[in-house]
Amino acid sequence: MVKKKKSFRWKNALPVYALMLPGILYFLINNYLPMFGMIIAFKKLNFRDGILKSPWCGLDNFKFLFSQGNTALIMTRNTILYNIVFIILGIIIPITVAILLNEVQQKIASRIYQTLILLPFLMSWVVVSYLAYAFLSGETGFINATILPFFGINQSISFYQQQKYWPFILVFTNQWKSLGFGTVIYLASVIGISPEFYEAAQIDGASKWKQITNITLPCLKPTIITLTILNIGRIFYSDFGLFYQVPKNSGMLYNVTQTIDTYVYNALMNQNNISMSAAACVFQSIVGAALVVISNQIIRKLSKENALF
Amino acid sequence: MGIHTKSNKIMQIIAHTVLFIVSALAVIPFWLLIASSLSDAFDVTKSGYQFIPKNISFEAYQYIFQEWTQIGRAYGVTVLVSVLGTVLSVIMVSMLAYGLIQKDIKGVNAVFIFVLITMLFNGGVVPTYLVYNNLLKVKNTIWGLILPNLLMSGFTVILVKNYFQQSIPEELIEAAKIDGCGHFRIYFKMILPLSKPILATVGLLSAVSYWNDWTNGLYYVTDEKLYSIQLLLNKMNENILFMANNSQNMMGVDMSNMPSATIRMAIAVVAILPIIIAYPFFHKYFAKGLTMGAVKG
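The model shown is predicted, which means the values in this text are computed figures rather than measured ones. (Residues numbered from 1 in each chain as written. Chains lettered and ligands numbered in written order. Predicted model: local features only at pLDDT ≥ 70, side-chain atom pairs only at ≥ 80, totals over all residues.)

Student: Please provide a residue-by-residue account of the overall build of chain A, values included.
Tutor: On a plain count of helices and strands, chain A comes out with 14 helices and zero strands. Shown N-terminal to C-terminal, the secondary structure of chain A runs as helices and strands in the order α-α-α-α-α-α-α-α-α-α-α-α-α-α. The C-alpha radius of gyration computed for chain A amounts to 25 Å, which surpasses the reference 19 Å derived for 309 residues by more than 25%, pointing to a less compact arrangement than a globule. Dimensions of chain A, computed from the C-alpha atoms along their principal axes, are close to 75 × 70 × 35 Å. Burial statistics for chain A: of 309 residues in total, 42% are counted as buried. (Helix = DSSP H or I, 4+ residues; strand = E, 2+ residues; numbered from the N terminus. Rg over C-alpha atoms; globule rule 2.2 N^0.38 Å. Buried ≥ 20, exposed ≤ 12 C-beta atoms within 10 Å, placed from the backbone.)

Student: Help me get a handle on the packing of helix 10 (residues 208–233) of chain A against helix 14 (residues 274–302) of chain A, residues and values and all.
Tutor: Relative placement of two packed helices is described by the angle separating their axes and the distance separating the axes. Residue and element names in this part refer to chain A. Two elements in contact, helix 10 and helix 14, have axes separated by 8 Å at closest approach and are oriented at 160 degrees. Between helix 10 and helix 14, the crossing angle belongs to the class labelled roughly antiparallel. Between helix 10 and helix 14 lies a crossing of right-handed hand. Of helix 14, the residues touching helix 10 (which contributes I225, T226, I229, L230, I232 and G233) are L291, V292, S295, I298, I299 and L302. In terms of residue class, the contact of helix 10 with helix 14 is built from nine nonpolar, three polar and no charged. (Axes fitted to C-alpha atoms, helices over the stretch in contact; angles between N-to-C directions. Parallel < 35°, antiparallel > 145°, perpendicular 65-115°, else oblique. Left-handed = near helix turned anticlockwise from the far one by under 90°. Contact = placed C-beta atoms within 7 Å. Nonpolar A, V, L, I, M, F, W, Y, C, P; charged D, E, K, R; others polar.)

Student: Any chance you could break down the domain arrangement of chain B for me, citing the residues and the numbers?
Tutor: All names here are of chain B. Here chain B is described as being made up of domain 1 (2–37) and domain 2 (69–295). Listed by partner, the interface residues are four residues for domain 1 and five residues for domain 2. Residue composition of the side of domain 1 that touches domain 2, grouped by class: two nonpolar, two polar and no charged. (Domains from an automatic or database assignment.)

Student: Tell me what's going on with the interface of chain B and chain A, and back it up with residues and numbers.
Tutor: With 84 residues of chain B in contact, the opposing surface of chain A contributes 74 residues. Top element by residues in the side of chain B that touches chain A is helix 1 (residues 2–37) of chain B. It accounts for 18 residues. Here the side of chain B that touches chain A is built from residues that sort into 53 nonpolar, 29 polar and two charged.

Student: Tell me about the packing of helix 13 (residues 260–270) of chain A against helix 14 of chain A, and please be specific about residues and values.
Tutor: Residue and element names in this part refer to chain A. It is the contact of helix 13 with helix 14, at a shortest axis distance of 8 Å, that shows an interaxial angle of 155 degrees. With respect to helix 14, the element helix 13 is oriented roughly antiparallel. Judged by the sense of rotation from one axis to the other, the crossing of helix 13 with helix 14 is left-handed. The segment helix 13 lies against helix 14, with I260, Y263, V264, A267 and L268 engaging I274, M276, S277, A280, C281 and Q284. When the residues that make up the contact of helix 13 with helix 14 are grouped by side-chain class, the tally is nine nonpolar, two polar and no charged.

Student: Report on helix 8 (residues 166–192) of chain A, specifying residues and quantitative values.
Tutor: Over its 27 residues, helix 8 of chain A extends 38 Å from the first C-alpha to the last, a length consistent with the 39 Å expected when each residue adds 1.5 Å. Maximum bend of helix 8 of chain A: about 45 degrees, positioned at S178 of chain A. (Expected span 1.5 Å × (residues − 1). Bend = angle between axes of the 7 residues up to and from the residue.)

Student: Give me the lowdown on the UniProt feature "domain: ABC transmembrane type-1" (unreviewed entry) in chain A, citing residues and values where you can.
Tutor: Residues annotated in UniProt with the feature "domain: ABC transmembrane type-1" (unreviewed entry) correspond here to residues 76–295 of chain A. The span residues 76–295 of chain A shows a helical share of 75% and a strand share of 0%, and its end C-alpha atoms are spaced 19 Å apart. (UniProt positions renumbered as here; feature names shortened; annotations may be inferred.)

Student: How would you sum up the UniProt feature "transmembrane region" (unreviewed entry) in chain B? Please name residues and give values.
Tutor: Listed under "transmembrane region" (unreviewed entry) in the UniProt record, and renumbered for this structure, are residues 12–34, 74–98, 110–130, 142–160, 194–211 and 261–282 of chain B. The span residues 194–211 of chain B carries 94% helix and 0% strand; its end-to-end C-alpha distance comes to 27 Å.

Student: Describe the UniProt feature "transmembrane region" (unreviewed entry) in chain A, with residues and values.
Tutor: All names here are of chain A. The positions that UniProt labels "transmembrane region" (unreviewed entry) are, in the present scheme, residues 12–29, 80–101, 113–136, 179–198, 219–237 and 274–294. End C-alpha atoms of residues 80–101 are separated by 31 Å, and the span's content is 100% helix alongside 0% strand. In the segment residues 179–198, helix accounts for 90% and strand for 0%; the C-alpha atoms at its two ends are 26 Å apart.

Student: Explain helix 5 (residues 107–118) of chain A to me, using residue names and the numbers behind them.
Tutor: In this model helix 5 of chain A runs 17 Å from its N-terminal to its C-terminal C-alpha over twelve residues, within 8% of the 16 Å that 1.5 Å per residue would give. Restricting attention to buried positions, one finds in helix 5 of chain A the residues Y113, Q114, L116, I117 and L118 of chain A.

Student: Report on the environment of I224 of chain A, specifying residues and quantitative values.
Tutor: Looking at the element boundaries, I224 of chain A is found in helix 10. Remark: the alpha-carbon pair of I224 of chain A and L89 of chain A, spanning 135 residues in sequence, is separated by 12 Å.

Student: Can you explain unusual backbone geometry? Please cite residues and give values.
Tutor: Phi angles above zero are rare outside glycine, and N272 of chain A is one such case at about 55 degrees. By the element assignment, N272 of chain A lies in the loop between helix 13 and helix 14. The phi dihedral of N140 of chain B falls on the positive side, at around 55 degrees, and the residue is not glycine. Looking at the secondary structure, you find N140 of chain B in the loop between helix 6 (125–135) and helix 7 (143–146).

Take a look at the structure:
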C-alpha cells in the first residue's frame, strides 16, 4: 500500500520536473556557473593550466586594478555620479510628464503623446548612436553644419574629441531614451489613485496645483521610494550601451565616459586582460549584491509588501 | 466654480504645451535620420544632415537593394534570432512557471528560491563570457546570439507565475486532475490557452530585446555571415571611427568601399522600420508589460 502511494507521487511529480528542467538548466549555465566563475578574479590566470588549475593569487588582481593610476577611481566615480543624476532626473521628469498626461482631457491626444514619448525606449543603443551622430558629427552634424552657422559661429565643435560636452550629452541621451519607460510606470500609479480624493478636493475648492501637491505626489510616494531604492541597489551598474555606443568608445573621452561596465568590456575584449577585467567585474558584482541586499532591507522597513525578498 | 474652470483651462494649456514639446523632442531625431537617408550624398557632405533634404534622392535605398545579399542576410539573421529566441523563451519561461505553482510537489519551493537568487546575484560579464566562450563554445554560432542573458530572466518567470496564480482558477486545474489529466496535458491544453495575454506580453518584450540586441554579437560573433542588422550598424560605426582616427596614414586606402553617410542612415532606417510600423498597434500591450515588470523589479 505504502509503496503504491509513493510510486503514484512520483508519477505526479516527474512531469512537473520535466517541465521545469530546461529553465533550471538555463539558469545553471547562464547564472550559476558564472557565479562560481568569479573565482578567476582571485587567480593568476594562465591558459596552459586552465581556469581551474591556475594558481591562486589572493587579492593581487584587485590591488593591481586599484594601483593602475586612477583608472579604477575614475570609472567608479563616473558610474556612481551619472547614476545619481539619472535617479534624480528619472524621478522629476517622468512624474511631471505622467501628471500632465493624466490631466489631458482629450483621450486621443493623450494616447498619441504616450505613444510618441515611449518610442525612443524601443530603439537599440546602436541606433541611438546613429541619431546622436546626425546631430554631433564634426563636419556633417546638424549642430555644426546648421545651428552654429545660424548663430554666426563658424568654428565647428569636435564633440567626439572634447570631454566637456559629454556629461551633458550623456545625461540628455539617457533621459531622452528612458523618459517613456518612467512615464509609463508613474502613469500607471497616477491612474490608480482613487478619483474620490480629487472629487473631495474639488468640493473643498482646492486648485489643480494644490491637488497635485496634496493628493497626487503623496500617493506616488510608495512607487517613488521603491523604484529609487531599486536604482540605488544598481548604482554600481551602468547602461553599457549608453556609455559604449553614444560616445563611440572614443578613448579621448574616457575621463568622463568610462564606467565600470565599459572598462570591463575594453579590458576583456580589446586588451585581452582577463585578470583586470575579472577583478573589476567581481568588484562590481560584490558591491552591487551588497547594495541590493541593503536596499531591500530598507524597503522592508518602509513598506513590507514592496520588498523583493 | 469660475475659478476652477479657469485653473482647469490653464492646466490644459500647460499640459498640451509641455507634452507637445516632449513628444516633439522624442520624434525629431528620427525625422533627421529619415531625412538624411533620403538626402543626396553630395548635399550631405556639403551642408550636413538636414531636416528638409535639398534634393530628395533614393540612391541610398538603391544601394541597399543592390547590396541585399549582405544586408538581407543580416536582416535574416535578426529575424531568425528574434523568432527562435522569443519562441524558446516563452516556452521555457511558461514551463518553469507552471512547475512553480505546483506547491504540493517536493522540491518546487527550492526551485523557486533557486530562481529568486538569479535575480539578486550576478556573476558578471567576464565569467559569463568565459562560460559561453570557453565552455560552451558558442562563438560564431547562432546560439551565441540567442543564449547569453536574453533567453530568460528570473523576473519574467516570477511575472508569469504570478499571472498563473492570479488569473487561472485553482479549481479548474484540480478538476482537470481529478478527470485524469496529466501535467503535460494541463499545461498545453489549459494553461497555455488561458494565459495568452501574459505570454503575448512577455513574447513582445523578448522579441524587441532580441531585435535590438548587439551586445551578444559584440562578444560572440566575429564571422560576418552571422552579423545581425544591429551588429552590421555597429561594425560600420567602428570602421568609420577607425578611419577618422587614422585618416593621416591611410592615404592609400580605398575609400570607395565605405558606405556613405546617407547609406548608413538608410540602413539604420531599415533596421528600425519593423518596430516603428508594428509599435503603434502594440503600444498598449507593451506599456502594460513594462508596468507589470516594474512592480517587482
